[in-house]
Structures are given as C-alpha cells and as structure tokens.
Amino acid sequence: MKATHDDTTFTLTGEVWSSTYPLEELPKWLRWYRGQKHRFSKAGGSYDATIAALEALAAELGVTVPDDEVLASGVT
C-alpha cells in the first residue's frame, strides 16, 4: 500500500485499486481503518499496510490521530 499527496488530496494505491480523498479527511480514514482492524480482528493483518501508509502520511504532514480516537469516535 502506498499513500501519496498533493496540496489538496491524498491517494491510497494498493495492488489492484486506488482512491483519492481530500487531505482534510486523512484523520477520518485513519480512524476508520484502525476501527476496522479493531472490529474485525479475525481479518489478521489485512488492514496493517493501509494503516501503516496512512500513519506515515500523517506523520509526514504533521497530523496527529491518537489510537484512542478510534474508540472515542464510536468505531468499535
């Protein structure tokens, strides 16, 4: 999984798909993927690459999304 960005959007690119979102939605999507991993633990590491790519992008951009926000957001 790869996450890239320009001035207004970021793009997630996997092996067979890609999608582009507004930069301001980065925290929302990182919370969502973390929540999916939490909710569907039987999926193993299927969300790990996406979470890692989003976390790296967030760090590059100086965006902080604490892990505890997954539970606070109601995604369980």
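Scroll up to find the structure.
Now for a look at the structure at hand. Owing to the predicted nature of the structure, the values given are computational and were not obtained by experimental measurement. (Residues numbered from 1 in each chain as written. Predicted model: local features only at pLDDT ≥ 70, side-chain atom pairs only at ≥ 80, totals over all residues. Heavy atoms only, no water.)

1. Focus on the nonpolar core
The nonpolar side chains of soluble globular proteins are, as a tendency, buried together.
Okay, step 1: One finds Phe10, Leu12, Leu26, Trp29, Leu30, Tyr33 and Leu54 to be the most contacted residues of the largest nonpolar core, which totals 14 residues.
Okay, step 2: For this core, the elements supplying multiple residues, two or more each, are strand E2 (9–13), helix H1 (26–39) and helix H2 (48–61).
Okay, step 3: With near-sequence residues (within four places) excluded, tyrosine 33 lies in contact with Leu12, Trp17, Tyr47, Thr50, Ile51 and Leu54. (Core = buried A, V, L, I, M, F, W, Y, C linked by side-chain atoms within 4.5 Å. Buried < 20%, exposed > 50% of the residue type's maximum accessible area, 1.4 Å probe, protein only. Helix = DSSP H or I, 4+ residues; strand = E, 2+ residues; numbered from the N terminus. Contact = heavy atoms within 4.5 Å.)

2. Things to note about the pattern of salt bridges
Okay, step 1: Following the criterion strictly, the structure yields four salt bridges and no others.
Okay, step 2: Here lysine 28 and glutamate 25 are joined by a salt bridge, their closest N and O atoms 3.7 Å apart.
Okay, step 3: With its nearest N and O atoms 3.3 Å apart, the salt bridge here joins aspartate 67 to arginine 34. On the criterion of sequence distance, the pair formed by aspartate 67 in the loop between H2 and helix H3 (69–72) and arginine 34 in helix H1 is long-range, its members being 33 residues apart.
Okay, step 4: Sharing partners across several salt bridges, the network here consists of Arg34, Glu55 and Asp67. (Salt bridge = Lys/Arg side-chain N within 4 Å of Asp/Glu carboxyl O.)

Any functional reading would require information beyond the geometric quantities listed.
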